[in-house]
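So the chains spell out like this:
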Amino acid sequence: MRVFFNARHDAHDVKSEFYRGQTISALDDPRRMGIIRDALAHKVTAQLVDPADHGMAAIRAVHDADYLAFLSHAWQDWNDAGFDGAAIPGVWPTNVPVAGDKANSIPPDHHHILKKLGQYAYATDTPIGDGSWQAAYWGAQTAISAAHAVMTDGEASFCLGRPPGHHAHRARYGGYCLLNNAAIAAQHMRALGAGRVAILDIDQDHGDGTQDIFYYRGDVLTVSIHAEPDGHFPFFTGYAHETGSGDGAGTNLNLPLAENAGFVGFSSAFETAQQKIAAFGANLLVVSLGVNAHALEPLGALGLTTADYTEIGKQIGGLGFRTLFVMEGGYAHDVIGQNVAAVLSGYLGGDGD
């Protein structure tokens, strides 16, 4: 298996985040990638590949132009405004119109940085630092390069990079995510001629950004197996009744799981996902690979084990598709490498040991 590695990921190195009323050390820290890379070297026969620079076209095909302009200049705008530290939003728009308010007629590039942050961020957990755009840009290039390789010869690939992506909407960010790498990869596959692409998200948190991007499209199926959203991020999406709309009616499947559902609950949901993907007639599969449902994860809620992740890898391999894995969540340094290696080893037919 090829592992496309975003070596520039560590440019995104914010030191803290705001979580449930407290400032804590950032969970998405650069050490995660080295731990995963080293674990793969010991447990999976993998070829490490540097991504190529494919430019902005594939990113623009997924994300809003004004949003991309904001992301690429956010840190400089923050500094130009005289602020220290990482850029974090502190005010958000409401849905209540203000009589005579002409603020929204101002071009987005003229907005104050605090207004831009409130316009595009939906959570306080994703600070933007001086290297965040560089890391996100190269994370997208890593996903594009891996997608191109899978399309070229059919060999499975893994996009290893950060920040993660599945919470990034077309024009919003949060959940540590700035650019939606899985969506960018799927769209790039479509642009290269793939008929129908399925995205299977196994991160503990609902892939709300991926759902948002493809919700009105019928050519990309989005399936997410995640913790029930009433008590888990992102809280406002991820319910079973969200099935797509317009041309995308019936092409979004959410499979929320109860707390501590374990492998039994996951497997039941996976069987439903398998049936949906087969009925969709997918040509290729993109897996948003999050391993944050492990029992030792700081926010883990589903009670999965490393052995379970091996079995999940086998289940994905059993689908029989040309497959691209894209790294998402997983933050427990003691187990993240083992869990990612377990999924990929299981997919390749190993036992994860």
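Residues numbered from 1 in each chain as written. Predicted model: local features only at pLDDT ≥ 70, side-chain atom pairs only at ≥ 80, totals over all residues. Heavy atoms only, no water.

This brings us to the packing of helix α3 (residues 65–80) against helix α4 (residues 113–120). As a packed pair, α3 and α4 sit with axes 10 Å apart at the nearest point and diverge in direction by 140 degrees. Our classification of the angle between α3 and α4 gives oblique. In the packing of α3 onto α4, the handedness of the crossing is left-handed. Every residue of α4 that contacts α3 at D66, Y67, F70, A74, D77 and W78 is listed here: I113, L114, K116, L117 and Y120. (Axes fitted to C-alpha atoms, helices over the stretch in contact; angles between N-to-C directions. Helix = DSSP H or I, 4+ residues; strand = E, 2+ residues; numbered from the N terminus. Parallel < 35°, antiparallel > 145°, perpendicular 65-115°, else oblique. Left-handed = near helix turned anticlockwise from the far one by under 90°. Contact = heavy atoms within 4.5 Å.)

On to the environment of G246. Mapped onto the elements, G246 comes out in the loop between β7 (220–227) and β8 (252–257). Separated by 60 residues in sequence, G246 and T306 have C-alpha atoms that sit 40 Å apart.

With that settled, consider the sheet that holds strand β1 (residues 2–5). On the basis of which strands lie adjacent, the open sheet formed by 8 strands has the order β4-β1-β5-β10-β9-β6-β7-β8 and parallel pairing. Where the open sheet ends on each side, the last strands, each with one partner, are β4 (47–49) and β8. Averaged over all adjacent pairs, the angle separating strand axes in this sheet is 20 degrees, with direction ignored. For β1 and strand β5 (residues 157–160), the ladder comprises 4 bridges, and the chain directions are parallel. By the bridge assignment for β5, F5 is matched with L160. Against the sheet, helix α8 (residues 262–280) touches β6 (197–201), β7, β8 and β9 (284–289), its axis set at about 175 degrees to β7. (Pairing = 2+ DSSP bridges.)

What is shown is where atoms sit, not what they do.
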